[in-house]
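Architecture and fold: a report
Single-letter residue listing:
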Amino acid sequence: MDYTQLAEKLVKFLDLRYEPVAVKVVKKGEPMPEGYNEPEKNLRHCQSIMKARKGESFIIPAGKHACVVGASSLGIIPSPEKVASGEFHHNLGMFDSVEAAAGMIANRPAFEPESRTATVVGPLKDAKVEPDVVILVDRPETVYWIVPASTYYKGGRVNFSSAAFQATCADTTILPTLTGEINISLGCFGCRKATDIENDEMLMGIPFNKLENIVNALEKLSEGPLPKARQK
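Notes on the structure in this doc start here. (Residues numbered from 1 in each chain as written. Predicted model: local features only at pLDDT ≥ 70, side-chain atom pairs only at ≥ 80, totals over all residues. Heavy atoms only, no water.)

1. A few points about empty space enclosed by the protein
Evaluated as defined, the whole model comprises one cavity of 30 Å³ or more. Put simply, the largest cavity is a space of about 60 Å³. Along the wall of the largest cavity there are 13 residues; nearest its centre are A22, Y36, V120, A127 and V129. Of all the secondary-structure elements, those providing two or more residues to the lining of the largest cavity are β1 (21-27) and β3 (116-123). A total of four residues in the lining of the largest cavity trace back to one element, the largest contributor, which is β3. (1 Å grid on protein atoms, 1.4 Å probe; cavity = no way out; pocket = protein on both sides within 12 Å on 5 of 7 lines; lining within 4 Å. Points joined across faces, edges and corners; volume = space filled by probe spheres on them. Helix = DSSP H or I, 4+ residues; strand = E, 2+ residues; numbered from the N terminus.)

Dropping the structure here:
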């Protein structure tokens, strides 16, 4: 199944507000994907996701990443001392102490420092390179259906992990890549402050290697349970 078909089916079965977003984090030593332009202005990772859901595509090297917190967790730049120490996030007023903020950073999902060179972000339907993850930004009811789709064939439960910061980088790009499992985020301080994400929207990160099975399961769900639940 090609990227366009996967995107079209996700939009159709879930009635998505926006396009599914494909994200690849380029590893050090890998060639830079062709066919992508750098953004005119520096972007945060979260800003690139929100622009991509509306149709834009980018390749964003280290020098174009506007957020050092996101870029460092993505392995693109070293983690600044003020971030690692907790000083940066404590100064935002989101933690009672520097130690509490440092604990969040110490436990965040992250790629090895300077092990990546760029992010490639755009609508899944336009992807020119295989993504690591696909991110959905939508309403909770819409995002919910990925859960039964992900357990359709094998059953079981789904575990989620999140924090007050790093909704698009740590929670829905890095963690699904590292674990191979879906993960959700309710959004974060930086994402909600710096992007146009709506108050009633959240995020879901899906490992790309799980996407085709999830889409196939959504097709089955759309034949009965999904429309029945939506008929109120």
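Text resumes after the structure shown.
2. Focus: the nonpolar core
A general feature of soluble globular proteins is that nonpolar side chains tend to end up buried together. Of all hydrophobic cores here, the largest spans 33 residues; its most connected members are L124, I146, L211 and L218. Counting only elements with at least two residues in this core, the list comes to α1 (3-14), β1, β3, β4 (133-138), α8 (146-150), β6 (202-207) and α11 (208-221). At seven residues, the largest contribution of residues to this core is made by α11. Apart from the residues within four sequence positions on either side, L124 is in contact with Y3, L6, A7, L10, P20, V21, A22, P131, V134, F208 and L211. In this structure, V21, I76, A167 and C191 belong to the second largest nonpolar core, which totals 23 residues. (Core = buried A, V, L, I, M, F, W, Y, C linked by side-chain atoms within 4.5 Å. Buried < 20%, exposed > 50% of the residue type's maximum accessible area, 1.4 Å probe, protein only. Contact = heavy atoms within 4.5 Å.)

3. What to know about the pattern of salt bridges
The full count for this structure, using the stated rule, is eleven salt bridges. Notably, a salt bridge pairs K9 with E219, separated by 3.7 Å at the nearest N-O pair. Pair noted here: K9 is in helix α1 and E219 is in helix α11, with a separation of 210 residues, a long-range link. Among the residues examined, K9 registers a relative accessible area of 26% and is labelled partly exposed. Its salt-bridge partner being R53, residue D196 comes within 3.1 Å of it at the nearest N-O pair. Pair noted here: D196 is in the loop between α10 (189-194) and β6 and R53 is in the loop between α2 (45-52) and β2 (58-61), with a separation of 143 residues, a long-range link. We classify D196 as partly exposed; its relative accessible area is 35%. (Salt bridge = Lys/Arg side-chain N within 4 Å of Asp/Glu carboxyl O.)

4. So, the packing of α2 against helix α9 (residues 167-179)
Between α2 and α9, whose axes approach to 8 Å, the crossing angle comes to 70°. Taken together, the axes of α2 and α9 lie roughly perpendicular to each other. Across from H45, C46, I49 and M50 in α2, the residues of α9 making contact are T168, C169 and T173. Class assignment of the residues belonging to the contact of α2 with α9 gives a composition of four nonpolar, three polar and no charged. (Axes fitted to C-alpha atoms, helices over the stretch in contact; angles between N-to-C directions. Parallel < 35°, antiparallel > 145°, perpendicular 65-115°, else oblique. Nonpolar A, V, L, I, M, F, W, Y, C, P; charged D, E, K, R; others polar.)

5. Some remarks on α1
If you check α1, its first and last C-alpha atoms are 16 Å apart, about what twelve residues at 1.5 Å a residue would give, namely 16 Å. Close packing links the buried residues of α1 with β4, α7 (140-144), α8, α11 and α12 (225-230). Measuring from the side-chain oxygen of the N-cap residue of α1 to the backbone nitrogen of T4 gives 3.2 Å; that N-cap residue is D2. Where α1 terminates, the next one or two residues include D15, which has phi positive at roughly 55°. (Expected span 1.5 Å × (residues − 1). Polar contact = N/O pair within 3.5 Å; in protein donor to acceptor, adjacent residues only side chain to side chain.)

Taken by themselves, the reported measurements are silent on function.
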